[in-house]
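Fold and geometry: a report
Listed here are the chains, written in short residue letters.
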Amino acid sequence: MILIAALTGRRVIGRRGAMPWHISEELKHFRKLTTGHTLIVGRKTFESLGSRTLPRRHTVVVSRTLPDRPDVDVCRTLDEALRQAKTYHTEVFVAGGAEIYRQALPLADALYLS
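Now for a quick tour of the structure. (Residues numbered from 1 in each chain as written. Predicted model: local features only at pLDDT ≥ 70, side-chain atom pairs only at ≥ 80, totals over all residues. Heavy atoms only, no water.)

Another aspect to go through is the overall build of the protein chain. A tally of helices and strands in the protein chain yields four helices and six strands. Start at the N end of the protein chain and walk to the C end: the helices and strands fall as β-α-β-α-β-β-α-β-α-β. Considering only C-alpha atoms, the protein chain reaches an extent of 35 × 30 × 25 Å along its principal axes. Counting every position in the protein chain, which comprises 114 residues, the buried fraction comes to 37%. Pairs at least 24 apart in sequence give 51% of the contacts found in the protein chain among residues at least 6 apart. In the structure as shown, the protein chain presents an accessible area of about 7,100 Å², 52% of it carried by carbon and sulfur atoms. Where the 18 positive side-chain charges of the protein chain centre and where its 11 negative ones centre are 7 Å apart. (Helix = DSSP H or I, 4+ residues; strand = E, 2+ residues; numbered from the N terminus. Buried < 20%, exposed > 50% of the residue type's maximum accessible area, 1.4 Å probe, protein only. Contact = heavy atoms within 4.5 Å. Areas by Shrake-Rupley, 256 points an atom, 1.4 Å probe, with all protein chains shown as cover. Lys, Arg positive; Asp, Glu negative; His and termini not counted. Charge placed at Lys NZ, Arg CZ, Asp CG, Glu CD.)

Spelled out as C-alpha cells, the structure:
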C-alpha cells in the first residue's frame, strides 16, 4: 500500500473540502501514478472529488455513513477497504484525508509526497 499526498509548506493537505492550490503538473503526476490502480479515500475526500470516481481507477471509500453505491466500494473500516482493494490485483494508493492517512501510515509500504 502506498500513501500519496501533496501538501503545502505548512503541511496542509486540504482546506474546507478542497486542495489549497491548483498546480496542473501536480494533478498530472497524481494521475500518472494512480491510473490503472486502486484508490482508497475517506468520505470527505470522496465528496471533495464531487462524489465521483476518477477515470480508470477503482475507488474504495471508507465511511461509516455513506450509503452503498454501485459505482464505488463503500467500506466501513480501513481494514475492510484494504481487503476489498486487494481483490483488484493492482497497486493500492491511499489518497486521504487526514484520518485515513493517520490509520494507514503504520501499514504503508511507501509514501509519495510532493
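There's plenty left to go through after this.
The subject of this paragraph is the nonpolar core. Residues Met1, Ile40 and Val94 are the most contacted members of the largest nonpolar core, which totals 16 residues. Taken together, the elements giving at least two residues each to this core come down to strand E1 (2-5), strand E3 (58-62), helix H3 (78-86), strand E5 (92-94) and helix H4 (98-104). Among all residues touching Val94, those that are not within four sequence positions of it are Met1, Ile2, Leu3, Ile4, Ile40, Ile100, Tyr101 and Ala104. In this structure, Ile2, Val41, Phe93 and Ala95 belong to the second largest nonpolar core, which totals 12 residues. (Core = buried A, V, L, I, M, F, W, Y, C linked by side-chain atoms within 4.5 Å.)

Estimated volume of the second largest pocket: approximately 160 Å³. Surrounding the second largest pocket, Leu3, Ala5, Leu7, Arg11, Ile13, Tyr101, Leu105, Leu111 and Leu113 form its lining. The set of elements that each furnish at least two residues to the lining of the second largest pocket consists of E1 and strand E6 (110-113). Within the lining of the second largest pocket, the residues separate by chemical class into eight nonpolar, no polar and one charged. (1 Å grid on protein atoms, 1.4 Å probe; cavity = no way out; pocket = protein on both sides within 12 Å on 5 of 7 lines; lining within 4 Å. Points joined across faces, edges and corners; volume = space filled by probe spheres on them. Nonpolar A, V, L, I, M, F, W, Y, C, P; charged D, E, K, R; others polar.)

Taken together, the side chains of Leu105, Leu111 and Leu113 present a nonpolar region at the surface, about 300 Å² in accessible area. On the secondary structure map, Leu111 appears in strand E6. Look at Leu111 and you get partly exposed, because its relative accessible area is 45%. (Patch = residues over 30% accessible without salt bridge, like charges linked within 9 Å, V, L, I, M, F, W, Y side chains within 5 Å. Salt bridge = Lys/Arg side-chain N within 4 Å of Asp/Glu carboxyl O.)

Right, let's get into the pattern of salt bridges. A full pass over the atoms with the stated rule returns four salt bridges. Here Glu47 ties to Arg43 by a salt bridge, and the two come within 2.9 Å at their closest N and O atoms. Placement of the pair is Glu47 and Arg43 together in helix H2 (residues 43-48), with a separation of four residues, close to one helical turn. Taking the relative accessible area as the measure of exposure, Glu47 reaches 37% and is therefore partly exposed.

The next subject is the sheet that holds strand E4 (residues 73-75). Pairing in this open sheet of six strands is parallel, and the strands run E4-E3-E2-E5-E1-E6 from one edge to the other. If you trace the sheet from one side to the other, it starts and ends with E4 and E6, each paired once. Strand after strand, the sheet turns through a mean of 25° between neighbouring axes, direction not considered. Direction of pairing for E1 relative to E6: parallel, over a ladder of four bridges. Residue Ala5 lies in a different strand from E6, and its bridge partner there is Leu113. Its contacts with the sheet put helix H1 (residues 24-34) on E1, strand E2 (38-42), E5 and E6, and the angle it makes with E1 is roughly 165°. (Pairing = 2+ DSSP bridges. Axes fitted to C-alpha atoms, helices over the stretch in contact; angles between N-to-C directions.)

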